[in-house]
Every structure is written in C-alpha cells, then in structure tokens.
Amino acid sequence: MPLQTSPESPAPVRQIANLIGQWIGRLGAVWVEGQVAQLTRRPGTSTVFLTLRDPVADISVQVTCPRRVFDIVDPPVVEGARVLVHARPTYYAPRGTLSLAAADIRPVGLGDLLARIERLKRLLAAEGLFARERKRPLPFLPTVIGLVCGRGSAAEHDVLENTRRRWAAARFRVENVAVQGPLAAGQVMEALRRLDADAEVEVIVLARGGGSVEDLLPFSDEGLIRAVAQCRTPVVSAIGHEQDTPLLDLVADFRASTPTDAARRIVPDVGEETARIEALRTRGRQILGGWLDRELTALHTLRARSALGDPERDLGRRAEQVDALRDRAHRCVTQLLDRADDNLHHQLARVRALSPKATLERGYAVLQKADGRAVRDPGEVEAGESLAARVAGGQFGVRVDGEPT
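Residues numbered from 1 in each chain as written. Predicted model: local features only at pLDDT ≥ 70, side-chain atom pairs only at ≥ 80, totals over all residues. Heavy atoms only, no water.

Turning next to the overall build of the chain. Broken down by element type, the chain carries 12 helices and 13 strands. For the chain, whose C-alpha radius of gyration is 59 Å, the value lies well above the compact-globule estimate of 22 Å for 405 residues. By principal-axis analysis of the C-alpha atoms, the chain measures approximately 180 × 80 × 35 Å. Buried residues in the chain amount to 30% of all 405 residues. Taking all contacts inside the chain whose residues are at least 6 apart in sequence as the whole, residues at least 24 apart take part in 59%. (Helix = DSSP H or I, 4+ residues; strand = E, 2+ residues; numbered from the N terminus. Rg over C-alpha atoms; globule rule 2.2 N^0.38 Å. Buried < 20%, exposed > 50% of the residue type's maximum accessible area, 1.4 Å probe, protein only. Contact = heavy atoms within 4.5 Å.)

Shown next, in the form of structure tokens:
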C-alpha cells in the first residue's frame, strides 16, 4: 500500500529511509556477476570494500565483504577480476547509500570467461558486425594516424618508431588510456570517439602488448566492439601477439598480428616506394628508348628511298610525263575539233541541200493561205481567194483567177 503524504502531513526522512530499506530488503539474497573496479582493505577492520562494475554498461555498486570470506577466495581477488557475488542488498539509512552485503565470492574461471566470449562472438556475428563487406580499405598514406595505447608502453614505442622509420613524415594523434583493468574498455571507447570525430585522422590503431586472457578482456568488451563497428574511420587492431584473438580483431577493418606489424600496414616504406619509383622510371626510359629507336629506324628507311634521297629526279620524270600527257591531250583535242568541223560542214551542206530556200532559188514559189498553210492541191483554194506567194527574194500577194482545175 503506498504511503499517504501531503504538504500538510509530510513524512519524515527517517520514515522514508526506513521504508526504502524495507523495500530493498524484500529482494533477498541474489547472485551478481561483475568486474572488480576497486578494492579497499583498510588495516584494523574486518570488512573489505569492493566496487563491482557491470562489464558492458557504465553502472557499478558497492559491495561489503567480511575479511574471513574474502581471504579464503582462491585465487585471490584482484582489481579487474571477474567474480560472482552472493549478496543481500542493504540500504544504510543514515547515509542513504545502497550496497551489497556479500556472503560468498567466487572468481569466474577462465573456462567461463572463454565460453561467455564465445557466446558474445556468435551474437555479434549473427548481427553482421564481423562481415567482410563491412571492412573498409586502409588509406595508402594517411594524413594523420590516431593511436590508442597505454602511456609509455612498448606498444606505443613500437608503433611510433617503426612507422617513422618507414615514413619519417608520419603524423600521430596519440590517446593514452588504461589497456587492462575495469576502466580500460571505457577509456578506449572515449579515445576512439575523439579520434573518430577528428576530420584529419584517416586511420585509428588500437595497440597493446601481449598478456593473459584476463588482461585482454577489455578488448572483447561488447561496448567497445559496437563502438568500433560504428566508427567512420578505418580501425586497425594490434592487440597482443599472433596467438591472441580478442573480439576486437574480428570487428576491426584490419587485424595486425603485433603493434610492429601494424606500423608496416598503415604507412608504406619510403625505401621500397623509392625503389619502386626508380624501377618504373627505368622501365619508362626503356620503353621510350625502344620506341624512339624504332621510329628512327623507320625514318632512316624512309630517307633511304629514292623519292626522298633525290626528290628532283622524280620531279623531273613527273614533269616529262605531264608534258607528254599535255601534248597527247592537245593532239586529241585538235583531232576531235577537226573531225567536228568536217562533220559540221557536211551537215551544213545537207541542210542547205534540203532547205526550201534552195528550191525557191531555182525559181519555185510557195503559195500560202491567209492562215499560213501551204497550198498543196488546187482544190484547197477558191476563185477570188487571196494568197501569199513566197519566192527566194521575198513574198507578194496573188489572187486566184477562175476556178481551180
């Protein structure tokens, strides 16, 4: 039944605190799994204080444990260890704090850790986070390289030194974080977000030296794996040695076997590139030299021909041919004109012979009616009809006298 309160009848703090304690006490003893983020053993006290952190979410709870219970745990509990705690939630009313009163602590064994990582691996694989088509190619020569590693670590030294040995002008943005322990995954995710938001950073390297499975647990953290999958910038995983395979290796765009191997992958070797350029230049010279030699040979062959060796001789021969063709054309045209002239005179003579004018000149006349028709028969005219008589010298009018017969 809810507590009845009002502005006129408020509940005192002690009553609310006691009720909260009663409600929390109803939960009873529970088994809780988490990672030990902080461990405090105060001298002269019989209680050990722990901070138990959720390995995925940023949530933690305080745990109190009797020293006699804590000391018998084998192997001993250390910061960063995964543990199972059998505890009862308690509410300390004077300070208003919630904690777990542990009655038993059990370390999570390596087999359990590996089994849980395997289950998480199958879950993320089913979501497609490890799919090959999600992998992005690394830039050939990145402008700025982001590096997430431990402060002053051998991994940082290996990546920086080997990269600059290969390409002296390489530029880095280094984010130093914890690379093991309960705070490692969160710090790595924050560094990853900062570098991914930097427009100049073209590739990000997550580097750490080798270690035990427990040491490398942060790099199988579900939150970190999802953060890498959401990055816009290509990510290189360089965690541990060849045999170490945290889940980060599966989601990263490229997996380097070691931090030194990562340096070889993210930038080209200036010596190798210089040698490759020199080889290409040599090959280019050879190809261009061969082409020039072939063209010069062809040019010499052309110059050796008579047409180019003594061009005036061919021009003279061509001139003689032109003169001969011109004379031949002149003769042909002259012959054609002579034959045409003879034919013209012959046709003219025939025309003249067949012309009516020649007949008229022999004394004949042509009689024409008024409409211009020639009179061919006496029956075509009538007595008294006027006709035109055409003779060689001209024409004159006549009249028909008498009946035609």
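In this structure, A155 sits in helix α4 (residues 154-166). Sequence-wise, A155 and V251 are 96 residues apart; in three dimensions their C-alpha atoms are separated by 20 Å. Residue contacts for A155: discarding those within four places in its chain leaves A207, R208, G209 and P259.

Most of helix α6 (residues 222-230) sits inside the fold, with 7 of its 9 residues counted as buried. Along α6, the residues classified as buried are E222, G223, L224, I225, A227, V228 and A229.

Bringing the sheet that holds strand β2 (residues 47-53) into the picture now. Pairing is mixed around the closed barrel formed by 5 strands, whose spatial order is β1-β2-β3-β5-β4. Across the sheet, the mean angle separating the axes of adjacent strands is 55° when strand polarity is ignored. Across 6 bridges, the pairing between strand β1 (residues 30-41) and β2 is antiparallel. In the strand pairing of β2, T40 is matched with F49. Helix-sheet contacts for helix α1 (residues 13-25) involve β4 (82-92) and β5 (97-107), and the interaxial angle to β4 is about 145°. (Pairing = 2+ DSSP bridges. Axes fitted to C-alpha atoms, helices over the stretch in contact; angles between N-to-C directions.)

The next point concerns a nonpolar patch on the surface. Together, L288, W291 and L292 give the surface a local cluster of nonpolar side chains, amounting to about 300 Å² of exposed area. Along the chain, W291 falls in helix α9 (residues 270-304). (Patch = residues over 30% accessible without salt bridge, like charges linked within 9 Å, V, L, I, M, F, W, Y side chains within 5 Å. Areas by Shrake-Rupley, 256 points an atom, 1.4 Å probe, with all protein chains shown as cover. Salt bridge = Lys/Arg side-chain N within 4 Å of Asp/Glu carboxyl O.)

What follows deals with α4. For α4, spanning 13 residues, the distance from its first C-alpha to its last is 18 Å, which sits close to the expected 18 Å at 1.5 Å a residue. Taken as a whole, α4 has its buried residues at A155, E156, V159, L160, N162, T163 and R166. (Expected span 1.5 Å × (residues − 1).)

This part is about the packing of aromatic side chains. Applying the stated criterion across every chain yields a total of 0 aromatic pairs. Against the face of F49 rests R42, its NZ or CZ located 4.6 Å from the ring centre. (Phe/Tyr/Trp six-rings, centres within 6.5 Å; stacked < 30°, edge-to-face > 60°. Lys NZ or Arg CZ within 6 Å of the ring centre and 35° of its normal.)

Another point: the side chain of R53. Summarising the element assignment, R53 is placed in strand β2. With relative accessibility at 11%, the residue R53 sits in the buried group.

A separate point is the nonpolar core. Counting 32 residues, the largest nonpolar core has V148, L192, L206, I225, V228, L248 and V251 as its most contacted members. Counting only elements with at least two residues in this core, the list comes to α3 (110-126), β6 (144-149), α5 (184-197), β8 (201-208), α6, β9 (235-239) and α7 (248-251). The contact partners of V228, leaving out residues within four places of it in the chain, are R136, L192, L206, V235, L248, V251 and A252. Within the second largest apolar cluster, 17 residues are counted, among which are A155, V205, A207 and A256. (Core = buried A, V, L, I, M, F, W, Y, C linked by side-chain atoms within 4.5 Å.)

Time to look at the pairing of β6. Here β6 lies mainly inside the structure; 6 of its 6 residues are buried. When β6 meets β8, the two strands line up parallel, connected through 5 bridges. Following the sheet pairing, G146 is matched in β8 by I204. As defined by bridge partners, β6 adjoins strand β7 (residues 172-176) across 5 bridges and the pair is classed as parallel. From the neighbouring strand, I145 faces β7, where its bridge partner is F172. Handedness of the β-α-β unit built from β6, α4 and β7 comes out right-handed. (Right-handed = clockwise from strand over helix to strand, strands pointing away.)

Read from one edge to the other, the open sheet built from 3 strands follows the order β11-β12-β13, with strand pairing classed as antiparallel. Taken across any chain shown, the strands that pair with only one partner, and hence form the sheet edges, are β11 (366-368) and β13 (394-399). Averaged over all neighbouring strand pairs, the angle between strand axes comes to 30°, with direction disregarded. Where β11 lies against strand β12 (residues 386-391), 3 bridges are found, and the strand directions are antiparallel. Looking at the pairing, L367 lines up with A389 of β12.

This next bit is on the environment of P94. Residue placement: P94 occurs in the loop between β4 and β5. Taking the relative accessible area as the measure of exposure, P94 reaches 66% and is therefore exposed.

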